[in-house]
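Take a look at the letters that make up each chain.
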Amino acid sequence: MTRISIANAQFWVHDQDEALAFYTQKVGWEVRADVTMDAWSFRWLCIGPPGGDGPALVLMPVPGPPMLDEASSAQLAELVAKGAGGTLFLETDDCKAAYDELAARGVTFNDPPTGRPYGIDTSFRDPSGNNIRLTQVLDFDPDRG
């Protein structure tokens, strides 16, 4: 079978510069690509964990005309702000340490690291409202349930 892999995932953002500052300054990620295509005045902005060559997160502006009419663009922006744009799941070896580090950089969490059947996790949102879950996966014992 031909190999197919995930290259990027995408979040709609209200302001690319604000999102870029959040993910680089507070989350500690790096820019993977930041290219403006002059013909369309379209900015392709990708970020990801430092030193990684895996999938990146594309910070895509909520589109307006001609892609979406003004009313649809406003509806999408409102849904994103409510957290309905999807969730990014991140994994760490130490949820509590990552929580402390990110909180010290100014990330506001929705809840403290909490034990779950699958591990320890917490969540936060970016400035546009997108959901991010941070999880430390622990060994799962199917006999424990």
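Residues numbered from 1 in each chain as written. Predicted model: local features only at pLDDT ≥ 70, side-chain atom pairs only at ≥ 80, totals over all residues. Heavy atoms only, no water.

Colleague: Where do I start with the pattern of salt bridges in this structure?
Modeller: Think of it this way: side chains of opposite charge can pair up when their charged atoms draw near. Evaluated as defined, the whole model comprises eight salt bridges. Between Lys82 and Glu78 there is a salt bridge, with its nearest N and O atoms 3.2 Å apart. For Glu78, a relative accessible area of 44% gives the class partly exposed. Between Glu101 and Arg105 there is a salt bridge, with its nearest N and O atoms 2.4 Å apart. Salt bridges sharing partners connect three or more residues here, namely Asp17, Asp34 and Arg43. (Salt bridge = Lys/Arg side-chain N within 4 Å of Asp/Glu carboxyl O. Buried < 20%, exposed > 50% of the residue type's maximum accessible area, 1.4 Å probe, protein only.)

Colleague: Is there a simple way to think about the sheet that holds strand β4 (residues 56-61) in this case?
Modeller: A sheet is described by the order of its strands in space; here four strands give the open sequence β1-β4-β3-β2, paired in mixed fashion. Each edge of the sheet is formed by a strand with only one pairing partner; in this case those strands are β1 (8-13) and β2 (30-37). Between one strand and the next, the sheet's axes are offset by a mean angle of 25°, whatever the strand orientation. Of the strand pairs in this sheet, β2 and strand β3 (residues 42-48) are connected by seven bridges, and their pairing is antiparallel. Counted as the bridge partner of Val31 is Ile47 from β3. (Pairing = 2+ DSSP bridges. Helix = DSSP H or I, 4+ residues; strand = E, 2+ residues; numbered from the N terminus. Axes fitted to C-alpha atoms, helices over the stretch in contact; angles between N-to-C directions.)

These values are about where atoms sit, not about what they do.
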